[in-house]
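Residue strings, one per chain:
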Protein chains: 2
Amino acid sequence: MAKDRGLTRTEALMDAVRARIANRALAPGDRLPSVRGFARTMGVSPFTVVEAYGRLEAEGIIRARRGSGFYVTGADLPPMALAGMGPTRERDVDPFWVSRQSLDADASVLKPGCGWLPADWMPQGAIRKGLRALARTDDAALADYGSTRGAPALRRLLLGRFADEGIAATMDHVLLTGSGTQAIDLICRLLLRPGDTVLVDDPCYFNFQALLRAHQARVVGVPFTPSGPDVSAFEHALVRENPRLYITNSALHNPTGASLSPQTAHRVLSAASAHGLTIVEDDIFADFEPAPSPRLAVLDGLNRVTRIGSFSKTLSASVRCGYIAARPDWIEGLADLQVATSFGGPSPVATELIAGVLAGGTYRKHMDELRQRLARARKDAADRLQPLGLVPWTMPRGGFYLWCRLPGGHDSAAIARRCMAEGVVLAPGNVFSVSQSAGGFLRFNVAQLDAARIFSVLQAAISEK
Amino acid sequence: MAKDRGLTRTEALMDAVRARIANRALAPGDRLPSVRGFARTMGVSPFTVVEAYGRLEAEGIIRARRGSGFYVTGADLPPMALAGMGPTRERDVDPFWVSRQSLDADASVLKPGCGWLPADWMPQGAIRKGLRALARTDDAALADYGSTRGAPALRRLLLGRFADEGIAATMDHVLLTGSGTQAIDLICRLLLRPGDTVLVDDPCYFNFQALLRAHQARVVGVPFTPSGPDVSAFEHALVRENPRLYITNSALHNPTGASLSPQTAHRVLSAASAHGLTIVEDDIFADFEPAPSPRLAVLDGLNRVTRIGSFSKTLSASVRCGYIAARPDWIEGLADLQVATSFGGPSPVATELIAGVLAGGTYRKHMDELRQRLARARKDAADRLQPLGLVPWTMPRGGFYLWCRLPGGHDSAAIARRCMAEGVVLAPGNVFSVSQSAGGFLRFNVAQLDAARIFSVLQAAISEK
């Protein structure tokens, strides 16, 4: 009977959508209301909306793009055009905008908006040495699936680093994953249900939004300050929104480069404890810090805080591997989920290569040099951006990001679109902002700012009225 | 208001579960009813059950193991014990049983139940040569993220193979993924909603069940025959169950080794077309065939049939890479989903290595030798199993599986448990069976049957009363 009621509600929703398409309230290529939003508008459960959208998709009337919602189909639309359909502003602030432009850009494109270091800043010698060593390793490592939790050698190396920070973890606390993003995805699979609410910083790493949309989560932003999330806003959100999860970068936050203050760390963790909130601390920029700043995972001891990390930013983004440090009972469930969805752990070839590079002394030396090189690059970048009226919101203590405010009233999405036409990929503020309140900001990667052309193109785009 | 109704229903469900635990109808470690089943019993939507279970989990009363359902917690239960909790029989038929036992087995364990070839059967020379070549490749390939759809060189190689089969595909039809399993997972993310029904063969690859449970799909089995699925049962299921998806292996089916007949292929595809059903054809055993048998993807031309594949079975399971061949508009959505959930495509180091091996002539030569070696191994295995009363259900035309019926009335789960105690991992029939009707079968990997001890342990287990 509930099933029948469900079907009736579903059909009502389907008719409502068909009507909006008929009267052109929704045109081909338009994005449909979010599952959660539409559920509220129509006073039904998100599940009913999901079912209605799914059946309309089966009818070919709409097309699901889980990353970015549902769109009205149109036979005459070229596939690529579907990506960022909708109002112009919306196309620019699509959380996929920067990923697509920078991952698929050819060598001629300049990428001051991208999220990684130039290849020649990475420890190429150590990687090549590691590959030659791999060519001589045993058959099993080269041909077999890995163990479900990943190479013990690499997990042990991580435990050593955790111990240095004051986290007493065991092998049962660590799971190696295919990447840092896959690590967060597995945690979402374990803990989230469609319609659950997740807190993120506003601004936050744009792919958190894309990932959470893929899980049909409801994403709520907490205003971010130079010392971490605005604690009173965070506390209010806990009461008002009853979130299941909070995902954040504590150190060298993406996109601002800010790091959590001890007081904010303590208050955030206390509030989380009071409300039984689970926190995912994405720590992939850890090694860029001159000295470790406060970590929620350290204060908490891997109880309600789960740490994820990867080696993509400091060692290689081509050799994919990430990790999760969490409660052993969660690690067990996460390992099963990784078997179900990827079979086995990450590539043994990848983990053996990474373990080899980390074990050798070269990695520590590489990071020392990298930190110094980036300190210079951050200063140079600030000096070169200043004449354009671009001012860092905060001066980060490490890493490669500068979060800069544009001179009076400029819309970073419009500027990013102009620069894209000139072969320069920027990261406009609103791709990072759940509330769409960062239109006056751009995120710069100081390691990708060598070319003088970036500044002339940027200058022109800013001057353009 | 709908929200309030939802909460009331949710709380009612939570109380119902609490009551069952209180009166010991559900003991610590017991598995809770499936989301779908419980929704039906209680006359509510699966979404409500998911919400109730989620909140009971937050209270610590139950623990979610997405791969295998929800379990009543018990402070005194050791974490590992939770894995296969429930009645003894259930523990043996957990779809994770074989994965866990074989992936995490140490070198001393014999694995005639595992799903891959011994490392020394793989093209070690070509892999090592490829690694040495990688050590000399350009910086970008070693350090950068890959493009969102994966290395063009490898995608082009795949297009060439498709063309040989009669599939006219373009670069827009192909997406490289982190593994074959990840390929299917991405398709499920794009097309499935919680509670959707998915058809699988009965028996089928056990991880299909684990993966579909992670998507909260309702899994329905179709009886499998030596020429493919029982077509009239398939047609009935389409009418009765209105499935969203059918996942199958057309060639060298796992676990039976059977291949689809031309007539069955045509009828399955016709029925799918009549009901608007999407089919995922998992083709990872393709290269083991002496000559290609019928493929749904070929008959259909990648319209409603999506092909997935990987190189884990023939080249290396350590160098993870899979692919999806599907409609360009789906590939576009799948690429976005892969960015959201893994960031970027598969490891460029992995794809460059695989493309190098495939492009060289050695791979074709390796596969020719491998097919001959496996033909001998299949015959030898059948000859050695026959005296134990183990008879192949069908004699496969290729690959490394033999699906054998046990002598009179033996339960393969009990035998697998006995052999496990002796350090021999078997694959008991019911881990492959949605209907739990394959308890009289074992799946053998003929490439993992060298050790004489396997047969003595098996003999003892079968004789044991």
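About the cut-offs
- Residues numbered from 1 in each chain as written.
- Chains lettered and ligands numbered in written order.
- Predicted model: local features only at pLDDT ≥ 70, side-chain atom pairs only at ≥ 80, totals over all residues.
- Heavy atoms only, no water.
- Axes fitted to C-alpha atoms, helices over the stretch in contact; angles between N-to-C directions.
- Helix = DSSP H or I, 4+ residues; strand = E, 2+ residues; numbered from the N terminus.
- Parallel < 35°, antiparallel > 145°, perpendicular 65-115°, else oblique.
- Contact = heavy atoms within 4.5 Å.
- Nonpolar A, V, L, I, M, F, W, Y, C, P; charged D, E, K, R; others polar.
- Salt bridge = Lys/Arg side-chain N within 4 Å of Asp/Glu carboxyl O.
- Buried < 20%, exposed > 50% of the residue type's maximum accessible area, 1.4 Å probe, protein only.
- Domains from an automatic or database assignment.

Where an unreviewed UniProt entry is consulted, chain A appears under the name PLP-dependent aminotransferase family protein, with the organism given as Paracoccus simplex.

*Asks:* Help me out: how do you make sense of the packing of helix 12 (residues 231-241) of chain B against helix 13 (residues 262-274) of chain B in this one?
*Replies:* Helix packing geometry: the angle between the two helix axes and the distance between the axes. Residues and elements named next belong to chain B. Contact geometry of helix 12 with helix 13 gives a least axis separation of 10 Å together with a crossing angle of 10°. When the axes of helix 12 and helix 13 are compared, the pair comes out roughly parallel. Across from Val231, Phe234, Glu235 and Leu238 in helix 12, the residues of helix 13 making contact are Thr264, Arg267, Val268, Ala271 and Ala272. A per-class count over the contact of helix 12 with helix 13 returns 6 nonpolar, 1 polar and 2 charged.

*Asks:* Please clarify how the pattern of salt bridges should be interpreted in this entry.
*Replies:* Charged atoms that come close allow side chains of opposite charge to pair. Residues and elements named next belong to chain A. As enumerated under the stated definition, the model contains 42 salt bridges over all chains in all. Between Glu235 and Arg267 there is a salt bridge, with the nearest N and O atoms lying 3.9 Å from each other. You can see Glu235 sitting in helix 12 (residues 231-241) and its partner Arg267 sitting in helix 13 (residues 262-275), a full 32 residues away along the chain. Judged by its relative accessible area of 29%, Glu235 falls in the partly exposed class. You can call Arg267 partly exposed: its relative accessible area is 40%. Via salt bridges that share partners, Glu165, Asp283, Glu289, Arg295, Arg307 and Arg397 belong to a single interconnected network.

*Asks:* What is the right way to look at the domain arrangement of chain A in this model?
*Replies:* Put simply, an interface is often sized by how much accessible area is lost when its parts join up. All names here are of chain A. Taken as a whole, chain A is organised into domain 1 (9-72), domain 2 (86-120 + 365-463) and domain 3 (123-359). Its C-alpha centre places domain 1 at a distance of 34 Å from the equivalent point of domain 3. Across the contact, 8 residues belong to domain 1 and 6 residues belong to domain 3. Summed over the shared surface of domain 1 and domain 3, the number is 0 salt bridges.

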